[in-house]
Amino acid sequence: MSPDEWTAWDLTCQLSPRGRVRLADQLGPDGYLNDYTATIPLSADAPTTPWAMPLTDVHGYFHYIAFDLDAGHGNAIYDAAKLSHWLDELNIEHLVTRSGPTGGRHVWLSLHDGTDAAVVGTIGHLAAQLLPSLDITPLRNPATGSVRPPGAPHRQSGYSEPIGSVATLTAHSVTAEQLQSLHAFLIDTGATIKLAPVTPIHGVSVDEGGYPHLTGSKRPLTDRILNLLDAPPAYDTSHTQATVLAGCARARWRFADVLALLHVSPALEHSRTRRITPTQPRVPRSAAESRRALEHAWRRAVEFVAANPISGDGSNTEFNARAIAASEAIARVQTAADAMPGRWGLSGPGSAQKGVRGRFSHRAVLDALCLFIAQAASLTVEADQRRLSQVTGYSHEACRLALHALREPLTDDPESAWIVLVDAAEGAHGAKYRLSKKFSTAQTDQKLLQAVTHPSESPAADQRDWWINRLSSRLADLTHDVFSAPHSLGRKAGLTYSYLQEENTLTVESLTKATNLSASRIRKSLSRMHSAGLVDRHPDGWTRTAADTRDAAAAQLGVDGYLAARAARYDAERARWAWWRADLAWLSKRNKKRRGRRSATGVPLFAQNDRPDFPAYPRRNGRGHHGEAWDLILAGALSRPKTIEHQQVA
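What counts as what
Here the residue numbering is sequential within each chain, running from 1 through the sequence in written order. Confidence filtering applies because this is a predicted model: local features only for residues at pLDDT of at least 70, side-chain atom pairs given and counted only at 80 or more, and all residues used for totals across whole chains, interfaces and linings. By convention in this description, side-chain values take in all heavy atoms of the structure and omit both hydrogens and water. Helix and strand definitions follow DSSP, with helices as H or I runs of at least four residues and strands as E runs of at least two, each counted in order from the N terminus. Partly exposed describes any residue whose relative accessible area lies between the buried limit of under 20% and the exposed limit of over 50%, with all areas from a 1.4 Å probe on protein chains only and scaled to the type maximum. Note on contacts: a residue pair qualifies if any of its non-hydrogen atoms lie within 4.5 Å across the two residues. We get accessible surface area from the Shrake-Rupley algorithm with a probe of 1.4 Å; when it comes to residues, only the shown protein chains can shield them. We define a nonpolar core as any set of buried Ala, Val, Leu, Ile, Met, Phe, Trp, Tyr and Cys residues linked to one another through side-chain atoms lying within 4.5 Å. Note on definitions: angles span 0 to 180 degrees between N-to-C directions of axes, and those axes are lines fitted to C-alpha atoms, for helices only across the stretch in contact. With respect to orientation, any angle under 35 degrees is reported as roughly parallel, any angle over 145 as roughly antiparallel, any angle of 65 to 115 as roughly perpendicular, and every other angle as oblique. Amino acids outside the nonpolar list (Ala, Val, Leu, Ile, Met, Phe, Trp, Tyr, Cys, Pro) and the charged list (Asp, Glu, Lys, Arg) are all regarded as polar, and Gly is one of them. As a per-residue measure, pLDDT tells how confident the predictor is, with possible values from 0 to 100. The term salt bridge refers to a side-chain nitrogen of Lys or Arg lying within 4 Å of a carboxyl oxygen of Asp or Glu. Think of it this way: DSSP has to see at least two bridges between two strands before they count as a pair.

### Concerning the overall build of the protein chain
Thinking step 1. Helices and strands together make up the secondary structure of the protein chain, namely 24 helices and 22 strands.
Thinking step 2. Buried residues in the protein chain amount to 44% of all 650 residues.
Thinking step 3. A separation of at least 24 residues holds for 68% of the contacts in the protein chain among residues at least 6 apart in sequence.
Thinking step 4. Working note: accessible area of the protein chain is about 32500 Å², and carbon and sulfur atoms make up 52% of it.

Listed below in structure tokens is the structure:
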């Protein structure tokens, strides 16, 4: 008997990656409610009510991708045809089903191997930007994400009717390489990965429209970039565009300047059109797609130039290799950290055991260092305690202790530690750290060094962006007054909150395994967060509230502004340290120019001294008076008044 002759329940039993499926068993005025809270084992008889099959196995790996196109959100029939056409162009086997009487569509991919939830979630995020009717909830929830399989009844009437052979699903033919091709195609079509930066990149500012640019005054473009703007692009249009955008970014241009050239300059052909196949001519993008593609390329270009402050045309033949090495090292250390949750906070009855096992702050600092490595595309990064404090929400003392604990070798081998100190802090520079050699890439493929690498839509850049986005989002969830301030909900509540998302529902048991906290501690944190309006309770678990209410909860608890005040204090401490070092450098300088006496009517032709921008450091009895310097900084002594040419004219 072929798969097409199986009953719907037989097909579900053959396909389901888990031993149970979700069941809709509650009636409403228009049929069964869209609430699949009950479950039924595959060994039971075929249900008479609608059921939904999980897309993942018990370990959270996806075995199917089901694009759920809802007619209530857009033109599902049109979006399904568009997606099916794209998949046909990429030679990806798929099955389209009519969801039911409402006009919805499901587009199924059957994966050859279990795929990580992050990969599927990213593809869903990209596809949703191009397909308005797509509901990506099942693709972003590896715990409970389910879709009605072919043949399953609809809650109102009818059933999920396959348009084609269901043998496509039993073949499990979609490979990881094909998913990577789909990912690249969606980006090339105009979808973008939104980043959630925790700390700004050094030397980068944001304009009024939210677009990044290098700080400084706008400069003329080099002759080479000007020639590229007017000349026909090379066959690899992405290379031409990336080179031009890197030159514009290095010249301190803004996105508005580049946008004005979108429909004028031949060099931006990559944003105006896209290639379907290597042998066919490029086809035009819509105006919205062209702008999105240019926005995406501009952000990459600015980030690349800021991270690689070199002279030249914007190309760096080592960037791709560094991005791959950094991403692979981060993946190794994150996998090792996830495999031992007891290392991050689980403690015994004694404080000595707690010191050995570690604290939650240790994992947060490790994640922050991985974030710095991803941002810099370098295995060695500079990190001071106060910067780590601002990124993780923990105090600088907690970050200092975390760095010390992460540097402790687990065996006699120094490389058995998590991180290794490369250079100690000196002067204005913080200490430099790297991941131990067991995590860093041992060898570099020399072919990558010869590749044309630039801020384009390359797999290396995508992988690096994914880590920046993931680590930034994880740390941003922890860094809030409602979890960090004294008398707030506490760090354990923040850790629990970071594992909850609006689109997924987790039980206390799932949170216990994820956080390594006790069930009683989880219940207490959930209860307090529920009272504060941060989480909602559902029949099958807990989820975040639809709106982010952390600011309101912090204000209600009276802890709002705590982290901002601490950041201001850290800034003042940095300013005092910089002031003190500048004064010491000036005092130790030989042949200093000192201010001399001159007549009241004299006109100085040259600078009267070579003291740095800082005024003289306050001293008492020949020694620096740090308390008075602190009071002067808080009073604004180091703030520079606006000059006439910088003031706005009414």
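### Re the nonpolar core
Thinking step 1. Leu-388, Trp-418, Ile-419, Met-529 and Leu-534 are the most contacted members of the largest nonpolar core, which totals 59 residues.
Thinking step 2. Per-element accounting of this core gives the leading share, 11 residues, to helix H13 (residues 360-376).
Thinking step 3. Apart from residues lying up to four places away in sequence, Leu-388 is in contact with Val-365, Ala-368, Leu-369, Phe-372, Ala-383, Gly-393, Cys-399 and Leu-403.
Thinking step 4. Ile-92, Trp-108, Leu-131 and Ala-191 belong to the second-largest nonpolar core, a separate cluster that totals 41 residues.

### Quick word on the packing of helix H19 (residues 491-499) against helix H21 (residues 519-531)
Thinking step 1. Remark: H19 packs on H21, axes separated minimally by 9 Å, with the N-to-C direction vectors making an angle of 85 degrees. Put simply, H19 runs roughly perpendicular to H21. The residues of H21 that touch H19, namely those facing Lys-492, Ala-493, Thr-496 and Tyr-497, are Arg-521, Ile-522, Ser-525, Leu-526 and Met-529.
Thinking step 2. Of the residues contributing to the contact of H19 with H21, the split by class is 5 nonpolar, 2 polar and 2 charged.

### Concerning the confidence of the model for the protein chain
For any part of a model where pLDDT is low, the fine detail of the predicted coordinates should not be relied upon.
Thinking step 1. When the pLDDT values of the protein chain are averaged, the result is 80; 82% of them are 70 or greater.
Thinking step 2. Taken as a whole, residues 596-609 scores under 50 in pLDDT and shows 7 contacts with residues more than four places along the chain or in a different chain.

### Structural notes on the environment of His-625
Thinking step 1. Examined against the element boundaries, His-625 turns out to sit in the loop between strand S22 (623-624) and helix H24 (626-634).
Thinking step 2. What makes His-625 partly exposed here is its relative accessible area of 22%.
Thinking step 3. Residues His-625 and Trp-580, 45 residues apart in the sequence, show an inter-C-alpha distance of 9.9 Å.
Thinking step 4. Setting aside chain neighbours within four positions, we find His-625 in contact with Tyr-617, Pro-618, Arg-619 and Arg-620.

### As for the pattern of salt bridges
Thinking step 1. As enumerated under the stated definition, the model contains 12 salt bridges in all.
Thinking step 2. The partner of Arg-98 in a salt bridge is Glu-161, with the nearest N and O atoms 3.2 Å apart. One end of the pair, Arg-98, is in strand S7 (residues 95-98); the other, Glu-161, is in strand S11 (residues 161-163), and 63 residues separate them in sequence.
Thinking step 3. A salt bridge links Glu-397 to Arg-400; the shortest N-O distance between them is 2.6 Å. Of this pair, Glu-397 and Arg-400 both sit in helix H15 (residues 396-406), separated by 3 residues, roughly a single helical turn.
Thinking step 4. Assessed through its relative accessible area of 36%, Arg-400 is described here as partly exposed.
Thinking step 5. Ionic contacts of the salt-bridge type, sharing partners, join the residues Asp-338, Arg-363, Asp-367 and Arg-474 into one network.

### Describing the side chain of His-154
Thinking step 1. Topologically, His-154 is positioned in the loop between strand S10 (146-147) and S11.
Thinking step 2. Each residue touching His-154, except ones within four places of it in the same chain, is listed here: Pro-50, Ser-99, Gly-100, Pro-101, Thr-102, Arg-148 and Tyr-159.

### Points about the sheet that holds strand S18 (residues 432-435)
Thinking step 1. In space, the 3 strands of this open sheet follow the order S16-S18-S17, with antiparallel pairing throughout. In this open sheet, the two strands that pair with only one neighbour each are strand S16 (380-382) and strand S17 (419-423). On average, adjacent strands in this sheet sit at an angle of 35 degrees to one another, irrespective of strand direction.

### Description of the environment of Thr-392
Thinking step 1. Within the element layout of this structure, Thr-392 appears in helix H14 (residues 385-392).
Thinking step 2. Given a relative accessible area of 0%, Thr-392 falls into the buried group.
Thinking step 3. Taking the C-alpha atoms as reference points, Thr-392 and Ser-361, separated by 31 residues in sequence, lie 7.9 Å from one another.
Thinking step 4. The contacts of Thr-392, once residues within four sequence positions are left out, are Ala-364, Val-365, Ala-368, Cys-399, Leu-475, Leu-478, Thr-479 and Arg-491.

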